Amino acid sequence: MAAEANNVTKPTTTFTSHVLKIGIVGFGKFGQFLAKTMNKQGHSLIATSRSDYSDVCQALGVTFFRDPREFCKERPDVILVCTTILAMESTLRSFPLEELNIINTLFVDVLSVKEFPRNLFLEVLPEECEILCTHPMFGPESGKTSWAGLPLVYDKVRISEVGSRAQKCNDFLSIFESEGCKMVEMTCAEHDLYAAETQFLTHTVGRILSHMNLKSTPIDTKSYETLRHLRLYLGTAWICIMDCSCAMLIPWSN
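This report concerns the structure included in the present document. (Residues numbered from 1 in each chain as written. Predicted model: local features only at pLDDT ≥ 70, side-chain atom pairs only at ≥ 80, totals over all residues. Heavy atoms only, no water.)

Here we look at the packing of aromatic side chains
Taken as a whole and assessed by the stated rule, the structure comprises 10 aromatic pairs. Geometrically, the ring pair formed by Phe30 and Phe33 is tilted, given 5.7 Å between the ring centres and 45° between the ring planes. One end of the pair is Phe30 and the other is Phe33, both in helix H1 (residues 29-40) and three residues apart, which spans about a single turn. An identical accessibility class is assigned to Phe30 and Phe33; each is buried. Plain terms: the ring middles of Phe65 and Phe71 are 6.5 Å apart, the flat faces sit at 75° to each other, and that makes the pair edge-to-face. Across the pair, exposure class does not vary: Phe65 and Phe71 are buried alike. Aromatic ring contacts, followed pair by pair, group Phe30, Phe33, Phe138, Trp147, Phe172 and Phe176 into a single cluster. (Phe/Tyr/Trp six-rings, centres within 6.5 Å; stacked < 30°, edge-to-face > 60°. Helix = DSSP H or I, 4+ residues; strand = E, 2+ residues; numbered from the N terminus. Buried < 20%, exposed > 50% of the residue type's maximum accessible area, 1.4 Å probe, protein only.)

Topic: the sheet that holds strand E7 (residues 151-158)
Reading across from one edge, E3-E2-E1-E4-E5-E6-E7-E8 is the order of the eight strands in this open sheet, with mixed pairing throughout. Two strands in the sheet have a free side with no partner beyond their single neighbour: strand E3 (63-65) and strand E8 (182-185). On average, each strand axis in the sheet is inclined to that of its neighbour by 25°, with strand direction left out of account. Where strand E6 (residues 130-136) lies against E7, five bridges are found, and the strand directions are antiparallel. Its bridge partner being in E7, Thr134 is matched across the sheet by Tyr154. (Pairing = 2+ DSSP bridges. Axes fitted to C-alpha atoms, helices over the stretch in contact; angles between N-to-C directions.)

Okay, here's the thing in structure tokens:
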């Protein structure tokens, strides 16, 4: 690569925090993972998903709606899209946007590729809608005990510079900053240029190792032990692997 990732990292910004009403669309493992921390911080959470997560939501203190229209009538401050990359377009295009107070709604995604959701948001959402693309570069395994030091990449695709709408974006970003995340602001195009190499290698190796029955032997080398531990760690990252695999089908601007 022509440049290192930290060359495009902008200076750290301190975000102030206010309580948000966050609506999570797609309440699978990653949505649940984020909800636990957001709930711990005191934010109000609602969720909707194709599958019935009523029991899971009840245990996490989240209000679940089977009907997306009823979900939208709750007028959340933030719509956090946590679907898989395969489901995102159909979900967004069929979403009842007319039920939202769209001018006061911030849309956020968390996919591991960024230009695809950015372009989809810009195409589907009304011009007055605020857009923030993010990639928490960690998940239920790597962020199980703490988010401290883990990168949160974000791009303020369409965010007001001042006023309450700008504050809403800062409030959302403060969720991650207050947990000690490394806040990295870069464009979606820059993110995907770096991720094309780093994530592809990481998850390709993870997928290969997950299909291998690596057993301990009396003569294990340190290198072999490392591979066995890597298999246990990466073998559970199925959501990220799926996103990364599907991303290879998406035209890259670079």
